[in-house]
Amino acid sequence: MEDTPTGLESGKEEFKATELESENKNHENIAEGNVSNIEDEPATKSTTDATEMDTSNSELRNAGQESSIKETGIDKVDYEDVLSEKLIDQVKGVIYGNCIGDAVGLLTEFMSKEQARMVYGSVGKHFFTKDINLEYEMKSNDSHRIRWVQGDWTDDSDQMILILQTLLERDGQFDKMLFANKMLTWCRKGFPELGDSGGMGRGMTTVKVLEHPDYLTDPHQAAHDIWVKSGYFVAPNGGVMRTSILGTMQYHDLPKVIENTKNACKVTHADPRCVASCVAVTMAIALTLQGKYKMKSGEYDVDEITKEAHATAEQELEKNEH
């Protein structure tokens, strides 16, 4: 959730993992950017084993492998390993991880460590360590958290889903105008199919940008205007909280990942610090999916992934957009 939330109410149903399921072949096409090949089927349909994919999708997948291998220079054997069921699992992990982490994170959102210890101290003295085990049902129903039902995610994941919908509707290309319109509709209605009455949890930066008179004609300029009026100061987390899915789309093409990431962030957040944080996240995800730093043990060299993602993101901080 971004900085200080506003108070629209939501009646969203408790998170059900099955609502995020889709066919394996659809996930593989999404990850490769071949969204035009995705079938229009219910998200709750059970996954199909990779061996049952039709010939056309198999050919498409193989063609994507060859192209991606040439572009990234990744060893073919390693890349095929990443592209198979493991890739599907990783892409799902990004989506589920965003929503589940969001829902669990709500338990301590806007709390200091001291406040969190007072509320959740019964879970043990090693709070904020690997020994912690926060669960949905432990949520404190204070004045902030009571607005969400148990297990619900917040605006972080709502907006991530809006980005995903934008990519699906534009054949894998990020369309800032479509996303801007979706943001405005979501703010007014939320996801009605989940029982929402409005988009809840928006930060003040997002609210101000969406209220800008030029938002629907030039969202990037609207966001920039709000940033300028703040004295080039406001740099909340409203862009990075929703950006994870952009690391999966065309992950083999890092310049494209960066381009999509920047365009999505700037719809509401113009500060280079916001852009840099988004680029760091999507770069780390894309590099992981590429398998570039996969070691012989099967584990990933997190330090190397972090270094490259950080170096790329740091370049955004060097750009003076005043």
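Just so it is clear, the structure is predicted and the values come from calculations on it, not from any experiment.

## Here we look at the packing of aromatic side chains
Scanning all chains against the criterion turns up two aromatic pairs. Taking 5.0 Å as the distance between ring centres and 85 degrees as the angle between the ring planes, the aromatic pair formed by Trp227 and Tyr232 counts as edge-to-face. Assessed through its relative accessible area of 2%, Trp227 is described here as buried.

## Re unusual backbone geometry
Across the chain, the bulk of peptide bonds are trans and the bulk of non-glycine residues have phi less than zero. Of note, the phi angle at Phe110 is positive, near 70 degrees, even though the residue is not glycine. Counting through the fold element by element, Phe110 comes out in the loop between helix H4 (85–105) and helix H5 (113–120). Relative accessible area serves as the criterion here: at 44%, Phe110 is assigned to the partly exposed category. Phi angles above zero are rare outside glycine, and Gln250 is one such case at about 50 degrees. The residue Gln250 is located in the loop between helix H9 (219–229) and helix H10 (254–265) in this model.

## Some points on the state of the cysteines
Enumeration according to the criterion identifies zero disulfides in this entry. We note that Cys274 lacks a disulfide partner, and the nearest cysteine sulfur, in Cys265, lies 5.4 Å from it. Relative accessible area serves as the criterion here: at 3%, Cys274 is assigned to the buried category. Free of any disulfide, Cys278 has its nearest neighbouring cysteine sulfur in Cys265, separated by 3.7 Å.

## Examining the environment of Gln90
Note on placement: Gln90 falls in helix H4. Under the relative-accessibility criterion, Gln90 is labelled buried at 15%. Expressed as a C-alpha distance, the spacing of Gln90 and Thr288, which sit 198 residues apart in the sequence, is 9.0 Å.

## Some points on the packing of helix H6 (residues 155–169) against helix H7 (residues 176–189)
The N-to-C vectors of H6 and H7 enclose an angle of 140 degrees; their axes lie 10 Å apart at closest approach. Taken as axis vectors, H6 and H7 run oblique relative to one another. As for the relative orientation of H6 and H7, their crossing is right-handed in sense. Where H6 approaches H7, its residues Asp155, Asp158, Gln159, Leu162, Ile163, Gln165, Thr166 and Glu169 are matched on the opposing element by Leu178, Phe179, Lys182, Met183 and Trp186.

Cut-offs used in this document
- Residues numbered from 1 in each chain as written.
- Predicted model: local features only at pLDDT ≥ 70, side-chain atom pairs only at ≥ 80, totals over all residues.
- Heavy atoms only, no water.
- Phe/Tyr/Trp six-rings, centres within 6.5 Å; stacked < 30°, edge-to-face > 60°.
- Buried < 20%, exposed > 50% of the residue type's maximum accessible area, 1.4 Å probe, protein only.
- Helix = DSSP H or I, 4+ residues; strand = E, 2+ residues; numbered from the N terminus.
- Disulfide = S-S within 2.5 Å.
- Axes fitted to C-alpha atoms, helices over the stretch in contact; angles between N-to-C directions.
- Parallel < 35°, antiparallel > 145°, perpendicular 65-115°, else oblique.
- Left-handed = near helix turned anticlockwise from the far one by under 90°.
- Contact = heavy atoms within 4.5 Å.

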